[in-house]
Amino acid sequence: MILFLAGTSDARELAIELQKKGHSLLATVVTDSAANSLEEAGIAHHVGRLSTEEMATIINEKGVTTVIDASHPYAEEASKTAMAAAEQCKLTYIRYERPQQQYVNPLIAEVETYEEAALIAREHKGTVMLTTGSKTLATFTKYLLNDSIRLVCRMLPNKENMEKCDLLGVKQRDIIAIQGPFSKELNTALYLQYETTLVITKESGKVGSVDEKMDAALELNIPVILIKRPKITYINQCSTFEEVIQKLGGI
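Draft legend 1. Seen up close, the overall build of the protein chain. Within the protein chain, the secondary structure is distributed over 10 helices and 12 strands. C-alpha extents for the protein chain along the principal axes are approximately 55 × 35 × 30 Å. Burial status across the protein chain gives 45% buried among its 251 residues. Looking at the protein chain alone, contacts between residues at least 24 apart form 68% of all its contacts between residues at least 6 apart. In the form shown here, the protein chain has an accessible surface area of approximately 12600 Å², with 49% of it arising from carbon and sulfur atoms.

Draft legend 2. A look at the sheet that holds strand E1 (residues 2–6). The strand order across the open sheet formed by six strands is E3-E2-E1-E4-E5-E12, and the pairing between neighbours is parallel. Looking at strand neighbours, the two that pair on one side only are strand E3 (45–47) and strand E12 (237–238), the edges of this open sheet. Two elements, strand E5 (residues 92–96) and E12, share two bridges in a ladder whose sense is parallel. Bridging across to E12, tyrosine 96 finds its partner in cysteine 238. Against the sheet, helix H2 (residues 32–40) engages E1, strand E2 (25–29) and E3, with an angle of about 170° to E3.

Draft legend 3. Fine view of the packing of aromatic side chains. Counted under the stated rule, the structure contains two aromatic pairs. Measuring from centroid to centroid gives 5.5 Å for tyrosine 96 and phenylalanine 241, while their planes differ by 65°, and the two rings are edge-to-face. Placement of tyrosine 96 in strand E5 and of phenylalanine 241 in helix H10 (residues 241–249) is noted, with a sequence separation of 145 residues between them. Seen in terms of ring centroids, tyrosine 114 and phenylalanine 140 are 6.4 Å apart; in terms of plane orientation they differ by 85°. Their pairing is edge-to-face. You can see tyrosine 114 sitting in helix H5 (residues 114–121) and its partner phenylalanine 140 sitting in helix H6 (residues 137–144), a full 26 residues away along the chain. Sitting over the face of the ring of phenylalanine 182, arginine 154 holds its NZ or CZ atom 4.1 Å from the ring centroid.

Draft legend 4. Up close: the sheet that holds strand E7 (residues 126–130). A sheet is described by the order of its strands in space; here six strands give the open sequence E6-E11-E10-E7-E8-E9, paired in parallel fashion. Of all the strands in the sheet, just strand E6 (108–111) and strand E9 (175–177) have a single pairing partner and so form its edges. Pairs of neighbouring strands in the sheet enclose a mean axial angle of 20°, with direction left out of account. Pairing of strand E8 (residues 149–155) with E9, which is carried by three bridges, proceeds in the parallel orientation. Bridge pairing in E9 places arginine 154 opposite isoleucine 176. Packing of H5 onto the sheet brings it into contact with E6, E8, strand E10 (196–202) and strand E11 (224–227), and relative to E11 it is tilted by some 170°.

Draft legend 5. Layout of the pairing of E8. Within E8, six of the seven residues are buried, leaving the element largely enclosed by the surrounding structure. Inspection of the sheet shows E7 paired to E8 by five bridges, in the parallel sense. Paired with valine 128 across the two strands is leucine 151, which belongs to E8. Handedness of the crossover is the feature at issue here: the chain leaves E7, passes through H6, returns alongside E8, and the resulting connection is right-handed.

Draft legend 6. Examining the pairing of strand E4 (residues 66–70) more closely. Among the five residues that make up E4, five are buried, leaving the element largely enclosed by the rest of the structure. Covered by surrounding structure in E4 are Thr66, Ile68 and Ala70 together with Val67 and Asp69, the residues of both alternating faces. Bridge count between E1 and E4: five bridges; the pairing is parallel. Within the sheet, the bridge partner assigned to isoleucine 2 lies in E4 and is threonine 66. Taken together, the four bridges between E4 and E5 define a ladder with parallel strand orientation. Among the inter-strand pairings, aspartate 69 is bridged to a residue of E5, identified as arginine 95. Assessed by its sense of winding, the connection that carries the chain from E4 through helix H4 (residues 76–88) to E5 is right-handed.

Calculation criteria
- The numbering scheme is per chain: residues are counted from 1 as the chain's sequence reads.
- Residue-level local features of this predicted model are given only where pLDDT is at least 70; pairs of side-chain atoms are given and counted only at 80 or more, and the full residue set underlies all totals for whole chains, interfaces and linings.
- Here the side-chain values reflect all heavy atoms present in the structure, with hydrogen atoms and water set aside.
- The helix count covers DSSP runs of H or I at least four residues long, the strand count covers runs of E at least two residues long, and both are numbered beginning at the N terminus.
- Burial classes: relative accessible area under 20% of the type maximum marks a residue as buried, over 50% as exposed, and values in between as partly exposed (1.4 Å probe, protein chains only).
- Whether two residues touch is decided by their heavy atoms; if any such pair falls within 4.5 Å, the residues are in contact.
- Each accessible area is a Shrake-Rupley estimate made with a 1.4 Å probe; only the visible protein chains count as cover when residues are assessed.
- Strands qualify as paired when DSSP identifies two bridges or more between them.
- Lines fitted to the C-alpha atoms define the axes, with helices restricted to the stretch that makes contact. Angles between their N-to-C directions range from 0 to 180 degrees.
- Ring pairs shown here join Phe, Tyr and Trp side chains whose ring centres sit within 6.5 Å, with only the six-membered ring taken for Trp; geometry is labelled stacked below 30 degrees between planes, edge-to-face above 60, and tilted in between.
- Charge-over-ring contacts are defined here by two conditions on Lys NZ or Arg CZ: a distance within 6 Å of the ring centre and an angle within 35 degrees of the ring normal.
- Orient the strands so they point away from the viewer; a crossover is then right-handed if the path from the first strand over the helix to the second runs clockwise.

This is the structure we're talking about:
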């Protein structure tokens, strides 16, 4: 049995591929939408964030032999929890993470943290389009809700996100509630519609449609603040499905 942390669309595809090869999986996700996607593929799943102890309990109860961490590149706490639980239970931990992309352009400012991105963005005027989701929204509303900036927030269309926007003072007209992935053409249309002067995004990788966001912005000569991935030292890190399957074969 594999305990599989599924946090992205390519993680779901990896889970399906492993199941096809005869591996038994229990996937963990944090949203009902992700759970529904796994259910459609016939993959057993648990919904909700887990502590190290809770994860260790599942490992022992389900007879888990391997932990595969395919959580989102920015789900830092989930990865740390998975590594700690695997170490505590003396199991093999395998990290799958989509490859990073390299960008070189004078319009791109790379930063390490969300707060650094917000501090740079508050020096701009006009429309700032935030495409980093709702988890760190408070960091940006703290600095960017002012008279010289229109903060437009693009995020998943769920009740929790809308409630958070309301709580933090984001106006309805400044919310783009939509689920990706997005084409370059749609990104371009949204940037133009909102007269965007700055884009804030994360380096999620090609599957996360970052290249479409970046390409559309750069073609329109719009500056981009790119938040780099958390610096975590993983063991058994893989960037392809084939690498994961090979490591499983050696266990």
